[in-house]
Amino acid sequence: MKIIFAQGNPGQQYQMTRHNIGFMAVDEIARTEQVDFSKKPKFHADIAEFSAGGEKILLVKPTTFYNETGQSARLLIDFYKLKPEEDFLVIHDDLALPLGTIRTREKGSDAGNNGVKSLNAHIGQAHKRIRIGIYSELRDRVHDADFVLGSFAPPEREKLPAIIQQARVFVDAFIDESFPSTKVTV
C-alpha cells in the first residue's frame, strides 16, 4: 500500500488557492482513476482508493488545516503499519520555487513550510515529497499568508493543467518505485 498525501485546507473557500495545489493534484488523479473521495473522520481525512500494479493506493486530503496535517499522516501510517520512507508521498506548494517548477526529494527539512513542519514532527523527515512552486511577483508585494491563501490569477490558472500533469508523472514514478530526486520546469 502507498499513500499519496496532499497538503491543503478543507473548505470551498480554499479550493483554488495556491496553498491547495496539492489537493488539486490528487483531485485530478482521482478524476482520471474514476474514484471518489469519502470522509474518514477517524483519519481526519477525505480518502479515495485505487489500485496500480496490484497495489492499493490511497489519495489523502487531510481535513485538518494545512499547518496540522501531520496528525492525519500519523494516524494513517500507524493504522496501516506503513514505513514513511517507502510508502508515503506528500504533495505540497513551495513559496520559494517559481510557478511551473517542481522539485522532488526523498526526505528533508521543512524549509519554512508549516505543513511540512507538522508532518516532520509527526512522522519524521524521511518521506518523499513533490514540491510544486507557486512563487510569482505578487508574493513580493503581499504578506505570505495572504499570498498562499489567495487564488491563482487567470494567467497562472492556465499553467495549472501542465503542472498537475507533471506532478502525476512523479506520483506514477513513486508508485512504480522509481521516484527521482530532481527539479523540472513546466
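Enquirer: Hey, could you run me through unusual backbone geometry in this one?
Expert: It is generally the case that most residues other than glycine have a negative phi and that most peptide bonds are trans. For H44, which is not glycine, the phi dihedral falls at a positive 50°. In this structure, E177 is a non-glycine residue whose phi angle is positive, near 60°. Position of E177 among the secondary structure elements: in the loop between α6 (154–175) and β8 (183–185).

Enquirer: For this particular structure, what's the right way to read the packing of aromatic side chains?
Expert: Here a ring pair, both rings aromatic, is described through the centre-centre distance and the interplanar angle of the planes. Applying the stated criterion to the full structure yields 6 aromatic pairs. On the numbers, 6.3 Å between centres and 85° between planes, the contact of F174 with F179 is edge-to-face. Taken as a pair, F174 and F179 share a single burial class, namely buried. Taken together, the aromatic side chains of F43, F79 and Y80 make up a single cluster linked through ring pairs. Here R18 stacks its cationic end above the ring of F152, 5.7 Å away from the centre of that ring. Here K61 stacks its cationic end above the ring of F37, 4.3 Å away from the centre of that ring.

Enquirer: Looking at this model, I keep getting lost on the pattern of salt bridges. Mind explaining?
Expert: Once their charged atoms are close, side chains differing in charge can pair, the charge on each being opposite to the other. On inspection of all chains with the given rule, the structure shows 12 salt bridges. Linking R31 and E28 is a salt bridge whose minimum nitrogen-to-oxygen distance equals 2.6 Å. Of the two residues, R31 and E28 are both situated in helix α1 (residues 21–33); the distance of 3 residues between them amounts to about one turn of the helix. Using a relative accessible area of 54% as the deciding quantity, one classes R31 as exposed. In this structure, E106 engages K128 in a salt bridge whose closest nitrogen and oxygen atoms are separated by 3.5 Å. With E106 in the loop between β6 (101–105) and α4 (114–123) and K128 in strand β7 (residues 128–135), this residue pair connects regions lying 22 residues apart in the sequence. One salt-bridge network, held together by shared partners, links K2, D87 and E177.

Enquirer: Any chance you could explain helix α2 (residues 70–80) here in plain terms?
Expert: What sets the pattern is the α-helix's 3.6 residues per turn: residues three or four places apart point alike. Those residues of α2 lying buried are G70, S72, A73, L76 and I77. Here the buried residues of α2 occupy an arc of 160° about the axis, which is enough to place them on one side. Just downstream of α2 lies K81, where phi reads positive at about 55°.

What counts as what
- Residues numbered from 1 in each chain as written.
- Predicted model: local features only at pLDDT ≥ 70, side-chain atom pairs only at ≥ 80, totals over all residues.
- Heavy atoms only, no water.
- Helix = DSSP H or I, 4+ residues; strand = E, 2+ residues; numbered from the N terminus.
- Phe/Tyr/Trp six-rings, centres within 6.5 Å; stacked < 30°, edge-to-face > 60°.
- Buried < 20%, exposed > 50% of the residue type's maximum accessible area, 1.4 Å probe, protein only.
- Lys NZ or Arg CZ within 6 Å of the ring centre and 35° of its normal.
- Salt bridge = Lys/Arg side-chain N within 4 Å of Asp/Glu carboxyl O.
- Arc of directions from axis to C-beta.

Keep in mind that these numbers describe shape and distance, not what the molecule does.
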